[in-house]
Amino acid sequence: MAQTTTKHAQIDADDIMISMKGVNKWFGSFHVLRDINLTVYKGERIVICGPSGSGKSTLIRCLNRLEEHQAGDITVQGITLNNDLKNIDEIRREVGMVFQHFNLFPHLSILENCTLAPIWVRRMPKARAEEIAMHYLERVKIPEQALKYPGQLSGGQQQRVAIARALCMEPKLMLFDEPTSALDPEMIKEVLDTMVGLAEDGMSMICVTHEMGFARKVANRVIFMDEGQIIEQKDPESFFNNPENDRTKLFLSQILDH
Amino acid sequence: MAKTPTAKTPEFVRTEEAPLLPPPATEAGITGWLWHNIFESMADFHSPLAAVRSLFMILFSLILVYVFGTQIYGLLDFAIFSAVFSDPDGVKRQACWTVQQGGSLPDGWHAACWPFVVAKQKFALFGPFPSEELWRVYLALFAGAAGLAWVMIERLPFRRQAGLLMLTVYPLATFILLTGGNIEVAMTQIAIWFVFGLALISIGRLGNAGRLGTVLNEFAGSFAGAGWLVVAFSTVAAIAAFDFNLEPVDTGDWGGLLITLVVAVTGIVASLPLGIILALGRRSDMPVISVLCTIFIEFWRGVPLITVLFMASVMLPLFLPAGVNFDNLLRALIGVMLFSAAYMAEVVRGGLQAIDKGQYEGADAVGLSYWQKMRLIILPQALTHVIPGIVNTFIGLFKDTTLVSIVGIFDLLGAGQSAIADAAWSTPVQAITMYLYVGIIFFVFCFGMSRYSIYMENKLSKSRRH
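Residues numbered from 1 in each chain as written. Chains lettered and ligands numbered in written order. Predicted model: local features only at pLDDT ≥ 70, side-chain atom pairs only at ≥ 80, totals over all residues. Heavy atoms only, no water.

**With respect to the overall build of chain A**
Next up, step 1: For chain A, the helix and strand inventory stands at 10 helices and 10 strands.
Next up, step 2: Relative to the 2.2 N^0.38 estimate, which gives 18 Å for 258 residues, the radius of gyration of chain A is 18 Å and therefore close to what a compact globule would have.
Next up, step 3: When the backbone C-alpha atoms are referred to their principal axes, chain A occupies close to 50 × 45 × 40 Å.
Next up, step 4: Burial analysis of chain A (258 residues in total) assigns 56% to the buried set.
Next up, step 5: Sequence separation of 24 or more characterises 66% of the internal contacts of chain A that already satisfy a separation of 6 or more.
Next up, step 6: Looking at chain A as shown, the accessible area adds up to about 11200 Å², and 48% of this sits on carbon and sulfur atoms. (Helix = DSSP H or I, 4+ residues; strand = E, 2+ residues; numbered from the N terminus. Rg over C-alpha atoms; globule rule 2.2 N^0.38 Å. Buried < 20%, exposed > 50% of the residue type's maximum accessible area, 1.4 Å probe, protein only. Contact = heavy atoms within 4.5 Å. Areas by Shrake-Rupley, 256 points an atom, 1.4 Å probe, with all protein chains shown as cover.)

**Describing the overall build of chain B**
Next up, step 1: Along the backbone of chain B there are 17 helices and 0 strands.
Next up, step 2: Here the C-alpha atoms of chain B give a radius of gyration of 31 Å, more than 25% beyond the 23 Å that 2.2 N^0.38 yields for 466 residues.
Next up, step 3: Along the first, second and third principal axes, the C-alpha atoms of chain B reach 95 × 95 × 40 Å.
Next up, step 4: Burial status across chain B gives 37% buried among its 466 residues.
Next up, step 5: Relative to all contacts within chain B whose residues are 6 or more apart in sequence, the contacts with residues 24 or more apart total 70%.
Next up, step 6: In the form shown here, chain B has an accessible surface area of approximately 28000 Å², with 69% of it arising from carbon and sulfur atoms.

**A closer look at the pattern of salt bridges**
A pair can form between side chains of opposite charge whenever their charged atoms are brought close.
Next up, step 1: Applying the stated criterion across every chain yields a total of 25 salt bridges over all chains.
Next up, step 2: Residues Arg128(A) and Glu131(A) are paired through a salt bridge, measuring 3.3 Å at the closest nitrogen-oxygen approach. Here Arg128(A) and its partner Glu131(A) are both found in helix H5 (residues 126-139), 3 residues apart, which amounts to about one turn of the helix.
Next up, step 3: Linked by salt bridges that have partners in common, Arg282(B), Glu298(B), Arg301(B), Glu346(B) and Arg349(B) make up one network. (Salt bridge = Lys/Arg side-chain N within 4 Å of Asp/Glu carboxyl O.)

**Here's the deal with the nonpolar core**
Next up, step 1: Counting residues in hydrophobic clusters, the biggest one holds 95 residues, and the most contacted among them are Trp114(B), Phe129(B), Trp254(B), Leu258(B), Leu352(B), Ile377(B) and Tyr437(B).
Next up, step 2: When sequence neighbours within four positions are dropped, the list of residues in contact with Ile377(B) reads Phe105(A), His107(A), Leu108(A), Leu116(A), Gln359(B), Ala363(B), Leu368(B) and Gln372(B).
Next up, step 3: One finds Cys49(A), Leu104(A), Val161(A) and Val196(A) within the second-largest nonpolar core, a separate group that totals 50 residues. (Core = buried A, V, L, I, M, F, W, Y, C linked by side-chain atoms within 4.5 Å.)

**Focus on the domain arrangement of chain B**
Next up, step 1: What the domain assignment reports for chain B is domain 1 (44-81) and domain 2 (253-409).
Next up, step 2: A C-alpha centroid distance of 43 Å is found between domain 1 of chain B and domain 2 of chain B. (Domains from an automatic or database assignment.)

**Details of the sheet that holds strand E2 (residues 30-41) of chain A**
All names here are of chain A.
Next up, step 1: Judged by pairing direction, the sheet is antiparallel, and its 4 strands sit side by side in the order E2-E1-E4-E5 without closing on themselves. Two strands in the sheet have a free side with no partner beyond their single neighbour: E2 and strand E5 (79-80).
Next up, step 2: In the sheet, strand E1 (residues 16-27) pairs with strand E4 (residues 71-76) via 5 bridges, with the strands oriented antiparallel. Counterpart to Ser19 in the pairing with E4 is Thr75. (Pairing = 2+ DSSP bridges.)

**Let's talk about the packing of helix H4 (residues 134-152) of chain B against helix H5 (residues 159-179) of chain B**
Between two packed helices, both the angle of their axes relative to each other and the distance between the axes serve to describe the pair.
Residues and elements named next belong to chain B.
Next up, step 1: For the pair H4 and H5, the least separation of the axes is 10 Å and the interaxial angle reads 170 degrees. Considering the angle they form, H4 stands roughly antiparallel to H5.
Next up, step 2: The class makeup of the residues in the contact of H4 with H5 is 16 nonpolar, 5 polar and 2 charged. (Axes fitted to C-alpha atoms, helices over the stretch in contact; angles between N-to-C directions. Parallel < 35°, antiparallel > 145°, perpendicular 65-115°, else oblique. Nonpolar A, V, L, I, M, F, W, Y, C, P; charged D, E, K, R; others polar.)

**Some thoughts on the interface of chain B and chain A**
Next up, step 1: Across the contact, 22 residues belong to chain B and 24 residues belong to chain A.
Next up, step 2: Between chain B and chain A lies a buried interface of about 2000 Å² when both sides are counted; carbon and sulfur atoms form 59% of it.
Next up, step 3: The largest per-residue losses of area from chain B upon contact with chain A belong to Glu361(B), Ala365(B) and Val366(B), which jointly make up 26% of the total buried on that side.
Next up, step 4: The tally of links from chain B across to chain A stands at 2 salt bridges. (Buried area = accessible area lost by both parts, 1.4 Å probe.)

**Overview of unusual backbone geometry**
Negative phi values dominate among residues other than glycine, just as trans dominates among peptide bonds.
Residues and elements named next belong to chain A.
Next up, step 1: The backbone of Gln77 sits at a positive phi, close to 55 degrees, despite the residue not being glycine.
Next up, step 2: For Gln77, a relative accessible area of 25% gives the class partly exposed.
Next up, step 3: Even without being glycine, Asn103 reaches a positive phi, approximately 55 degrees.
Next up, step 4: Given the relative accessible area of 7%, Asn103 is considered buried.

**Focus on a nonpolar patch on the surface**
Next up, step 1: Residues Leu64(B), Phe68(B), Ile72(B), Tyr73(B), Leu76(B), Ile80(B), Phe81(B) and Phe85(B) make up a contiguous nonpolar surface patch of about 840 Å² in total accessible area.
Next up, step 2: Relative to the helices and strands, Phe68(B) is located in helix H2 (residues 48-81). (Patch = residues over 30% accessible without salt bridge, like charges linked within 9 Å, V, L, I, M, F, W, Y side chains within 5 Å.)

**Comments concerning helix H9 (residues 256-282) of chain B**
Residue and element names in this part refer to chain B.
Next up, step 1: Between its terminal C-alpha atoms H9 stretches 37 Å, which fits the 39 Å expected from 27 residues at 1.5 Å a residue.
Next up, step 2: At Ser271, H9 is deflected by roughly 30 degrees, the largest bend along its length, and proline Pro273 occurs up to four residues later in sequence.
Next up, step 3: The element H9 is largely enclosed, with a buried count of 20 among its 27 residues. (Expected span 1.5 Å × (residues − 1). Bend = angle between axes of the 7 residues up to and from the residue.)

**Section: H2(B)**
Next up, step 1: Helix length check: H2(B), at 34 residues, gives a terminal C-alpha distance of 46 Å against a target of 50 Å (1.5 Å per residue), a fit within 8%.
Next up, step 2: Among the residues making up H2(B), those that are buried are Ala50(B), Ala51(B), Ser54(B), Phe78(B) and Ala79(B).

**Regarding the state of the cysteines**
Put plainly, two cysteines are in a disulfide when a covalent bond ties their sulfur atoms together.
Residue and element names in this part refer to chain B.
Next up, step 1: Summed over the entire model, instances satisfying the criterion amount to 1 disulfide over all chains.
Next up, step 2: Covalently, Cys96 is tied to Cys113 through a disulfide, its sulfur atoms 1.9 Å apart. Residues Cys96 and Cys113 are joined by a disulfide whose S-S torsion is about 80 degrees; by sign, that bridge is right-handed. Here Cys113 lies in the loop between H2 and helix H3 (114-126) and Cys96 lies in the loop between H2 and H3, a separation of 17 residues in the sequence.
Next up, step 3: Looking at Cys113, the relative accessible area reads 1%, which means it is buried. (Disulfide = S-S within 2.5 Å.)

This is the structure we're talking about:
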């Protein structure tokens, strides 16, 4: 983590992974995202937290167009996110996503789950895709499950497969949408360990999570959201020790003191 | 915790391995099956209420056995034990007459008269199809059965290719075999279309190479696709128009089981893809497509099939310009196809609705396009969910083919019915024998589909999830 201190020092346009400017989004008449401005640099690991309904999931889902924003500009890897399907496809190729409920494809084996997108989206030969898939399955430590189906695996294993599936596309950025919230307590650690390993290898990532231990350990920046706004943004040390906003203080006291 | 020693010694600790014992008779083998499926429900006499229930179960079981036994015996007696199987003297109806009626069977005899069915066999199965050309029908049916078996039996290699042949070459070959081919289309016209298709493909190639300018390049794929479609169609037309030197057989001379199979198989094969497209269309984000598909589905579901067939064969010619006339069977086929597609669409839509939103998002997030997402992720799951519904629609369609007799096309039932009118075989059991025969044929096909669907369900549920 020591080497990340240089990240903020030099601001080069090439180093910008994501920029969000004045992003607003409504669900019907409900204003979920209110004037979001955010820049993420390459190699950065950002944790977004906040109470439920604060728009944190919606924010990262806007980054690969699972949700459409109505106002403002989002640029991912220099590609502007608009209604152009080509841009959306291009961004989705570069951005991996891990969901709360895994969203593995139950009718395909673990290996097929991992090779599907490289074969169909990246037009990779099957043998090569399987090689890559096995590499990442080894990395998440479940190569022996490759021929099973998702329904035969535990929740933690499924989530690790989901991470491997996203990695098989060799993305530049990983989005995690509450990856441990649907897991039994004893399975949370195995998923977090995988994510820590990923962070240590220098993957850029944005995680929506309530795992404050994880935030302390790997994040460069912690973002606190409430009612659709970013209301605090700090490095983990000062975020946990000197929160400024009252809402943040309340949230932290609720989440940490028990 | 585990390290804390306990003061008490456990009360029960096994010191030697427990032996593996054979199961009791009520758990395994035939006795186990009988116990669980029959006797367990009627063996509880531990309380007055349970005893009454058990007695009722015994009583109902006995009634059931009695009713089924007598009914099945009655059917077997009618169809086999007392039936007349041969007509050695060639006396036709007299072979199935009782003494009272002037024949030789005992009075009060009432059973199947199979020589009648044998005599009408060809008519019931193929209608007035010319006998000397029947080999063509046999060939088509045999090839169809063999191809279907090939696709369905999992141990065989090249099943995918066999399926592809069944969907492309087989229909064309069958069309030529059954009609004689040689349709009236000028070869020059086909050639022009063929060249036009090739031109479209070339334009597509140019576009792919980026040589058409920015706007047209975007449509390269569409050009190429349309080109291949035109080329494929003109090739099919050329083959269908080719003179294979087969005697032409008018579809008016088709009949019986042949018609039933042609109508049902065309309907079944066409309704699934059409239904899928309609279902996807109805759920589309694009209002125009969604509204069009909804109107189509609701229209065809809202009218009875008889009306559709009647309109197609009687009303439609009134609206067509004079001289334009196309085949009666073809019109009925199109009607059946569209009708069943609408039903299929709703079945498929049910399956689509059962798919979790997360599956769409998972597919989107890895970058699959809409069609890839549907083909690889959504439809395989959705269709598996609704196999019972799909097969239900297939079976319904198979039996609905009997309605084509309303427009003068003689399917199996229609052909059977006109065979009954033959006075040379007039006996009191003439009609019932023919209906039994027709019923058995329908049952074999429908039951076969039903069993195959159950087999598919089991197979698919074994290989996946939970």
